Amino acid sequence: KDHLAHCSKVSNLKRDEQLDQMAKKLGLSPPNPGPWLAMFTQIADRLDVAIVVTDMKTPGLPVTYVNKACTKLTGYTQDDFVGRNCRFLQGRR
């Protein structure tokens, strides 16, 4: 969550051609210019499929972002996800 907040504050406002093309293929308007992750989340939040993004560089692979479809599907809030490994969705063993 903090990472996304940081991304939205960065003043490097540019377009990403691949994200623009992805939005177009999905029938969506292109995201507003900005950092890549912020533009990606603009697209992901408009999708009806669940998306989870993890930080592959951090041990434990903590979740850094989930879209609205994921919270609707699972019943967990964004705060429940962020900072945790998504294995918690498996339940107890």
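What counts, and at which threshold
Residues numbered from 1 in each chain as written. Predicted model: local features only at pLDDT ≥ 70, side-chain atom pairs only at ≥ 80, totals over all residues. Heavy atoms only, no water. Helix = DSSP H or I, 4+ residues; strand = E, 2+ residues; numbered from the N terminus. Buried < 20%, exposed > 50% of the residue type's maximum accessible area, 1.4 Å probe, protein only. Polar contact = N/O pair within 3.5 Å; in protein donor to acceptor, adjacent residues only side chain to side chain. Contact = heavy atoms within 4.5 Å. Core = buried A, V, L, I, M, F, W, Y, C linked by side-chain atoms within 4.5 Å. Phe/Tyr/Trp six-rings, centres within 6.5 Å; stacked < 30°, edge-to-face > 60°. Lys NZ or Arg CZ within 6 Å of the ring centre and 35° of its normal. Axes fitted to C-alpha atoms, helices over the stretch in contact; angles between N-to-C directions. Parallel < 35°, antiparallel > 145°, perpendicular 65-115°, else oblique. Nonpolar A, V, L, I, M, F, W, Y, C, P; charged D, E, K, R; others polar.

**Describing the environment of Asp80**
Thought 1: Within the secondary structure, Asp80 is located in helix 5 (residues 78–81).
Thought 2: Considered as a pair, Asp80 and Val63 are 17 residues apart in the sequence and their alpha carbons are 9.8 Å apart.

**Examining helix 3 (residues 36–44)**
Thought 1: Counting buried positions along helix 3 yields seven of nine residues, so the element is predominantly enclosed.
Thought 2: Taken together, the buried positions of helix 3 are occupied by Leu37, Ala38, Met39, Phe40, Thr41, Ile43 and Ala44.

**Things to note about the side chain of Asn67**
Thought 1: Following the sequence through the fold, Asn67 ends up in the loop between strand 2 (63–66) and helix 4 (68–74).
Thought 2: Looking at Asn67, the relative accessible area reads 1%, which means it is buried.
Thought 3: Looking at Asn67, its side chain comes within polar contact range of the main-chain oxygen of Ala44, at 2.9 Å.
Thought 4: Reaching out from Asn67, the side chain makes a polar contact with the backbone nitrogen of Ile51 at a distance of 2.9 Å.
Thought 5: Discounting residues that sit within four places of it in the chain, Asn67 has contacts with Ala44, Asp45, Leu47, Val49, Ala50 and Ile51.

**Focus on the nonpolar core**
Thought 1: Leu19, Ala23, Leu37, Met39, Phe40, Ile43, Ala44, Leu47, Ile51 and Tyr65 together form the largest nonpolar core, which totals ten residues.
Thought 2: Elements with a minimum of two residues in this core: helix 2 (17–25) and helix 3.
Thought 3: Of all the elements, helix 3 adds the most residues to this core, at five residues.
Thought 4: Filtering out sequence-adjacent residues up to four positions away, Phe40 remains in contact with Leu19, Met22, Ile51 and Val53.
Thought 5: One finds Val63, Val66, Phe81 and Phe88 within the second-largest nonpolar core, a separate group that totals five residues.

**Notes on the packing of aromatic side chains**
Thought 1: If you walk through the whole model with that rule in mind, you get four aromatic pairs.
Thought 2: Where Tyr76 meets Phe81, the ring centres are 6.1 Å apart and the plane angle is 80°; that geometry is what we call edge-to-face.
Thought 3: Consider the rings of Phe81 and Phe88, whose centres lie 5.3 Å apart with planes at 70°: the pair is edge-to-face.
Thought 4: Through successive ring pairs, a cluster of aromatic residues spans Tyr76, Phe81 and Phe88.
Thought 5: Its guanidinium or amino end placed over the ring of Phe88, Arg84 lies 3.9 Å from that ring's centre, counting from NZ or CZ.

**As for the packing of helix 2 against helix 3**
Thought 1: Orientation of helix 2 relative to helix 3, taken along the N-to-C sense of each, is 0°, at an axis distance of 10 Å. When the interaxial angle is binned, helix 2 and helix 3 end up roughly parallel. Contacts between helix 2 and helix 3 involve Leu19, Met22 and Ala23 on the former and, on the latter, Trp36, Met39, Phe40 and Ile43.
Thought 2: Broken down by class, the residue content of the contact of helix 2 with helix 3 amounts to seven nonpolar, no polar and no charged.

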